[in-house]
Amino acid sequence: MRRCLFFSAIFLILLTLPFLVSHYVVGIFILIFYYAYLGQCWNVLTGYTGYISLGHGIFLGIGAYTTAYLFLSFGITPWLGMLIGGLIAAAVGLFMGFLGFRFGLRGIYFVLLTIAFAELGRIITLHIKALGSFTGLFIPFKPSLLNFQFRGNIPYYYIAFALMIFSLALVRIIERSRLGRYFIAIREDEDAAEALGVDTFRYKMISLAISGFLTALGGAFYTNYIYYIHPNTVFGIIPSIEIILRPIVGGMGTLFGPVVGSFALTPLAEFSRTYFAKGGYEGLHLIIYGFLMILVVLFLPQGIISYIE
């Protein structure tokens, strides 16, 4: 009962927050929700099956570029474009999974495969003129609900908030289902799970497809929030690392780990980036990131959520 009241209070506070704080703070919360959502997408694969991906930028980039290209070239609404991008990302994820899982890649070898796919996506996009090549794509500002463009941050706040809540609900359903139990069995001891009759190849493929599809939706949101995309900002290694930091700090393989990690890291990143940039110390916030990661690994190896629980 207390837990229900606590979460209800938090939910109501977040619903009314945009009308109580400044425009800048609303922007911070958009990023908190956004990275919590992306962290949860990554968590579906790595947190629950144990297969580490450092190349989720491939899915982020597919979602971003598919949505932008379809809107700019054919006038297709981003609401539909994001679903198409999600399906393409899921298909790419299945292909990547087939190469990795069918040939038994585990550990560092699977990590390298995911990095290779993300880098391949970045290089290909950089050399396709229709996708903006080295310049990137600029999205013209035509505010309307159909165009997924709004005046002010408040609509984006609620869309990002809805994405985070959706990911929490979906992962909760997966956790309580047979699918989730198979994922966890693969993470804990894949050989034992296979010996007990679990089709590990099938369920790893399902996990990767779900993770890729959801991450692509986040890429579509990013495109229509920033109005500009470049291969380095979505396919590069930095966005992939930004995605994984939140669940690692918050707690991998847990429902609220990515959310807790995003609430802890994102404000710190934004405030420190702004503060050090004013003083001419751009990039110093990354040192703080690294220091925080060392502290988490040393004192909270299971993430912040383990201490809270």
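Refer to the structure presented above.
Residues numbered from 1 in each chain as written. Predicted model: local features only at pLDDT ≥ 70, side-chain atom pairs only at ≥ 80, totals over all residues. Heavy atoms only, no water.

Peer 1: Is there a simple way to think about empty space enclosed by the protein in this case?
Peer 2: Rolled over the atoms, a probe sized like a water molecule indicates the empty space that remains. In the structure shown here, the tally under the stated rule is one cavity of 30 Å³ or more. Volume-wise, the largest cavity comes out at about 40 Å³. The wall of the largest cavity is formed by Leu 31, Tyr 34, Phe 221, Tyr 222, Tyr 225 and Ile 226. Taken together, the elements giving at least two residues each to the lining of the largest cavity come down to helix 2 (23-49) and helix 8 (200-226). The leading source of residues in the lining of the largest cavity is helix 8, at four residues. (1 Å grid on protein atoms, 1.4 Å probe; cavity = no way out; pocket = protein on both sides within 12 Å on 5 of 7 lines; lining within 4 Å. Points joined across faces, edges and corners; volume = space filled by probe spheres on them. Helix = DSSP H or I, 4+ residues; strand = E, 2+ residues; numbered from the N terminus.)

Peer 1: What is the right way to look at helix 2 in this model?
Peer 2: Residues separated by three or four positions in an α-helix point in the same direction, a consequence of the helix having 3.6 residues per turn. Helix length check: helix 2, at 27 residues, gives a terminal C-alpha distance of 39 Å against a target of 39 Å (1.5 Å per residue), a fit within 8%. At Asn 43, helix 2 shows its maximal bend, which comes to roughly 50°. Summarising burial for helix 2: 24 of the 27 residues are buried, a large majority. With its phi angle positive at about 85°, Gly 50 sits one or two positions after the end of helix 2. (Expected span 1.5 Å × (residues − 1). Bend = angle between axes of the 7 residues up to and from the residue. Buried < 20%, exposed > 50% of the residue type's maximum accessible area, 1.4 Å probe, protein only.)

Peer 1: Before we go on, may I ask you to explain a nonpolar patch on the surface in this structure?
Peer 2: The grouping of Phe 291, Ile 294, Leu 295, Leu 298 and Phe 299 at the surface amounts to a nonpolar patch, some 550 Å² of accessible area in total. Judged by relative accessible area, Phe 291 falls into the exposed class, the value being 53%. (Patch = residues over 30% accessible without salt bridge, like charges linked within 9 Å, V, L, I, M, F, W, Y side chains within 5 Å. Areas by Shrake-Rupley, 256 points an atom, 1.4 Å probe, with all protein chains shown as cover. Salt bridge = Lys/Arg side-chain N within 4 Å of Asp/Glu carboxyl O.)

Peer 1: Explain the environment of Leu 105 here, please?
Peer 2: Mapped onto the elements, Leu 105 comes out in the loop between helix 4 (78-102) and helix 5 (108-126). Here the alpha-carbon distance between Leu 105 and Tyr 51, two residues 54 residues apart in the chain, equals 9.6 Å. In this structure Leu 105 touches Tyr 51, Leu 99, Gly 100, Phe 110 and Leu 113, once residues within four positions along its chain are discounted. (Contact = heavy atoms within 4.5 Å.)

Peer 1: Hey, could you run me through the layout of surface pockets in this one?
Peer 2: Put simply, the largest pocket is a space of about 960 Å³. As for the largest pocket, its lining consists of 24 residues, of which Phe 6, Phe 7, Leu 168, Phe 256 and Val 259 are closest to the centre. When contributions to the lining of the largest pocket are tallied by element, the ones reaching two or more residues are helix 1 (2-16), helix 6 (154-176), helix 11 (257-278) and helix 13 (304-308). In the lining of the largest pocket, the residues fall into 18 nonpolar, two polar and four charged. Taken as a whole, the second largest pocket holds about 430 Å³ of empty space. (Nonpolar A, V, L, I, M, F, W, Y, C, P; charged D, E, K, R; others polar.)

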